[in-house]
Amino acid sequence: MNPVATLPDVQALMAQVEALTAEVEACRMIGLVARNSDNALIVTDRHGLACWINPTFERLTGYALADLTGRKPGELLQTRETDPATIAYIREQLGQGLPFETDILNRRKDGTNYWAHISAKPLNDDGGQIKWFMAIQRDVTALRRDQSRLSFHHEAIQLLTQAKDVDVLIPQLLERMAQFIGWPIAIAWEVKTQRWVGDVNMICAHQWSSNTMRYAGFLGASQRATWEKGVAVLGEAWDKGRSTFMPDISQQHDPHRGKQAIKEGLSSALVIPINSGNRVTYLLEFVAPCMQALDGESLAMLEGLCAQVSQFIDRRRDELRVRQFMTEFDCLFKLSPDGFVVFNTEGIRSYGNPAFYAMTGLTRERLDGVTETQFDEILATLCAPQNRPVPIAERAHCDDSDRLQLIQPKPSVLQRSVKDMYDSSGHYIGRAVYLRDITREMEVDRMKSEFLSTAAHELRTPMVSVHGFSELLLKRPFSEEKKRDIYETIHRQSKLLVNMVTELLDLARIESRAGKDFHIQALDVSPIVDQAVNALLVQGDTRMVQMHIPAGLPRVFADRDNLIRALTNILSNAYKYSPHGGEIALNVLTRTQAGQSQLGIRVTDHGIGMTPEQLARVCERFYRADPSCNIPGTGLGMSLVKEIMSLMGGEVELSSVAGEGTQATLWLRTVTDGYRA
């Protein structure tokens, strides 16, 4: 063979060798890069079966090539918690021979989960046909955890800020916490106290699950479960009052849910307490298939959040107590008949109750923004100039109270006390003014004094007569006729004295008992009228009462004996105050007043009558319309009648014309169907 002729072939061969050497070197370099890459690499055939992995893939997943060869990677790496939508997306892209990029939750060979960012693309042969798929995986667990923590913290703060009620906050946080740690079941257990029997137990308050159908049995059993402190799994966690991780709950005693947990593949549990004061109010339980304990940072975040929830509960509890106290405070002060005005630390009026506005005639609008000095000036305008009140700042340093003589909106007397207010730390928080209307008390005191003075005078008159005439009998000799006249005077005055004392005692007894000894019942009027008229004996007067009593009258509510006493007094007055004769008539009539049916017993005489001034005072004690005092009586009869009628739920109606006579009517409640005394 000619060596010259074969030289080009040697040169071509040498070029090919050099090219192959370069390709081998490139492949060696690529393999070296792939083996030393921080990213996990895996190559599968066109059917998705694993062909090659780099060492980083083995370190990340724990699976060697021998574990994966001839299998699809997803069969080993994907878990029950992997998002089904992500799995479907990957299958669809591979089936169409398209590249894809996504994040997916995978599980290592040791059972721990990790998040991987996968970027995959098909590899074609020289003919353009798909021969392999190459996927690059990057562990993004830490990145996603940090992002998740930031997002979770932001959302949790928003929930705490916007929450109005713990029953709304707890289920929202429960769901978000479970999503944050990636556990499929979350249950909030609430500690319940039944104060009326002293029982304390813990029940399921809220539940959440990422797959309610799959864990329906466990969730249902939890819903029905009740725990006691120190008993079983949750009872022990409740008793400890601190976060507890249980890697295998099947080894714990759980009489309510143990079988369902095993049946549904649940094994791990994490319990975090929420406290209020010194006691556990909630336990947050998270349950999952085999899981590892949370990292310290994530657990600390959850515990910190639960501590904030504890503060939220305490704050809401305190706010509820304050609202309840303020409601009770406001209700009490609104119901109080006494007036209250409060000034804040700046000396500006901050509160006034309805009684204060009613007794002073002032309004909230007029007192808005008013200072203590301005308030003193306003109060002074309600009093007479000579009774100008002392400024409240001066009264605050006095232990006693003073009195305000008001002329507006109506004459009245107010007792005033002023006190400075301090909180538990001794800091000044404002000033309170207390006003009590003592007008009636003072009027009652005046009436008592006047009554005692009048009673002493009225009693003294017959007593002086008895004493004087009896003294005359002892010291002077009189004829039998004169003695008899003196004896009659003594008897008449002593009888008047006895009647007066008797009526005073009756009136006092009726007032003090306030009708408690009245026996009010349904009565027919006719027999009562007959008894009162027939029993009335007026010495030297032969007139008969002309009675007009219609048939079919309704019964009335009354006390029999006291009604007879009141009617007797009315009839007696009709006789006494018509000394010159004239017909005395008694009529029974009916009327409707304010929707209530009433029956009236009306007595009419044609005697001396009364002027309007006399008529206005006729029911005052010891008042008598006869200025000459020739007509016998104590002046207590009409007071007694008015008191009796008032206690029986009736009233006395009087009309009179001087010189023509008087008409007195006793109005009584009638008995109607369904109406009770």
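Computed from a predicted structure; not experimentally measured.

Draft legend 1. Quick peek at the overall build of the chain. For the chain, the helix and strand inventory stands at 21 helices and 23 strands. When burial is assessed residue by residue, the chain has 39% of its 677 residues classed as buried. Pairs at least 24 residues apart make up 55% of the contacts formed inside the chain by residues separated by at least 6 positions. Carbon and sulfur atoms make up 53% of the accessible area of the chain, which amounts to about 38,600 Å² in all.

Draft legend 2. How the structure looks around the confidence of the model for the chain. Residues at a pLDDT of 70 or more form 86% of the chain, whose mean pLDDT is 82. Helix 1 (residues 3-36) is the least confidently modelled element of the chain, averaging 63 in pLDDT, while helix 8 (residues 216-224) averages 93, the highest of any element. Across residues 673-677, where pLDDT falls below 50, the model places seven contacts with residues more than four positions away in sequence or in other chains.

Draft legend 3. Representation of helix 5 (residues 84-95) within the structure. The end-to-end C-alpha distance of helix 5, which contains 12 residues, comes to 16 Å, matching closely the 16 Å that a straight helix rising 1.5 Å per residue would cover. In the core, the buried residues of helix 5 are packed alongside strand 3 (100-107).

Draft legend 4. Fine view of the packing of aromatic side chains. Under the definition given, this model contains 11 aromatic pairs. An angle of 65° between the planes, with centres 5.3 Å apart, marks the rings of Phe356 and Tyr357 as edge-to-face. Each member of the pair, Phe356 together with Tyr357, is buried. Ring pairing ties together the aromatic residues Phe333, Phe340, Tyr351 and Tyr434, which thus form one cluster. Lying over the aromatic face of Trp115, Arg144 brings its terminal NZ or CZ to 3.6 Å of the ring centre. The aromatic ring of Trp667 is capped on one face by Arg591, whose charged end is 3.9 Å from the ring centroid.

Draft legend 5. Region of interest: the packing of helix 6 (residues 141-162) against helix 7 (residues 166-181). Running from N to C, helix 6 and helix 7 point in directions that differ by 180°, and their axes come no closer than 11 Å. In terms of their interaxial angle, helix 6 and helix 7 are classed as roughly antiparallel. Where helix 6 abuts helix 7, its residues Ser148, Arg149, Ser151, Phe152, Glu155, Ala156, Leu159 and Leu160 lie against Leu169, Gln172, Leu173, Arg176, Met177 and Phe180. Partitioning the contact of helix 6 with helix 7 into residue classes produces eight nonpolar, three polar and three charged.

Draft legend 6. Structural context of a nonpolar patch on the surface. A contiguous nonpolar surface patch, about 300 Å² in accessible area, is contributed by Val322, Phe325 and Met326. Along the chain, Met326 falls in helix 11 (residues 296-335).

Draft legend 7. Summary view of the packing of helix 7 against helix 11. At a minimum axis separation of 12 Å, helix 7 and helix 11 run at an interaxial angle of 175°. Here helix 7 is positioned roughly antiparallel relative to helix 11, judged by the angle of their axes. Here helix 7 contributes Val166, Leu169, Ile170, Leu173, Met177, Phe180 and Ile181 to the contact with helix 11, which in turn contributes Ser298, Met301, Leu302, Leu305, Cys306, Val309, Phe312 and Ile313. Here the residues of the contact of helix 7 with helix 11 sort into 14 nonpolar, one polar and no charged.

Draft legend 8. Inspection of the sheet that holds strand 18 (residues 546-548) at higher detail. Reading across the sheet, the five strands line up as 18-20-21-23-22 and stay open at both edges, with mixed pairing between neighbours. In this open sheet, the two edge strands, each paired with only one partner strand, are strand 18 and strand 22 (651-657). Mean inter-strand twist for the sheet, computed between neighbouring axes without regard to direction, equals 25°. In terms of strand pairing, strand 20 (residues 585-593) meets strand 21 (residues 596-604) through nine bridges, oriented antiparallel. Looking at strand 21, one finds that Leu589 is bridged to Gly600. Against the sheet, helix 21 (residues 637-647) engages strand 22 and strand 23 (661-669), with an angle of about 140° to strand 22.

Draft legend 9. Structural view of the environment of Thr670. You can see Thr670 is positioned in the segment after strand 23. Linking Thr670 and Gln596, residues 74 residues apart in sequence, is a C-alpha distance of 8.1 Å. Ignoring sequence-local partners within four residues, the contact set of Thr670 consists of Pro554, Arg555, Val556, Phe557, Gln596, Ser597, Gln598 and Leu599. From its side chain, Thr670 meets the backbone oxygen of Ser597 in a polar contact 2.9 Å long.

What counts as what
- Residues numbered from 1 in each chain as written.
- Predicted model: local features only at pLDDT ≥ 70, side-chain atom pairs only at ≥ 80, totals over all residues.
- Heavy atoms only, no water.
- Helix = DSSP H or I, 4+ residues; strand = E, 2+ residues; numbered from the N terminus.
- Buried < 20%, exposed > 50% of the residue type's maximum accessible area, 1.4 Å probe, protein only.
- Contact = heavy atoms within 4.5 Å.
- Areas by Shrake-Rupley, 256 points an atom, 1.4 Å probe, with all protein chains shown as cover.
- pLDDT = per-residue confidence, 0-100.
- Expected span 1.5 Å × (residues − 1).
- Phe/Tyr/Trp six-rings, centres within 6.5 Å; stacked < 30°, edge-to-face > 60°.
- Lys NZ or Arg CZ within 6 Å of the ring centre and 35° of its normal.
- Axes fitted to C-alpha atoms, helices over the stretch in contact; angles between N-to-C directions.
- Parallel < 35°, antiparallel > 145°, perpendicular 65-115°, else oblique.
- Nonpolar A, V, L, I, M, F, W, Y, C, P; charged D, E, K, R; others polar.
- Patch = residues over 30% accessible without salt bridge, like charges linked within 9 Å, V, L, I, M, F, W, Y side chains within 5 Å.
- Salt bridge = Lys/Arg side-chain N within 4 Å of Asp/Glu carboxyl O.
- Pairing = 2+ DSSP bridges.
- Polar contact = N/O pair within 3.5 Å; in protein donor to acceptor, adjacent residues only side chain to side chain.

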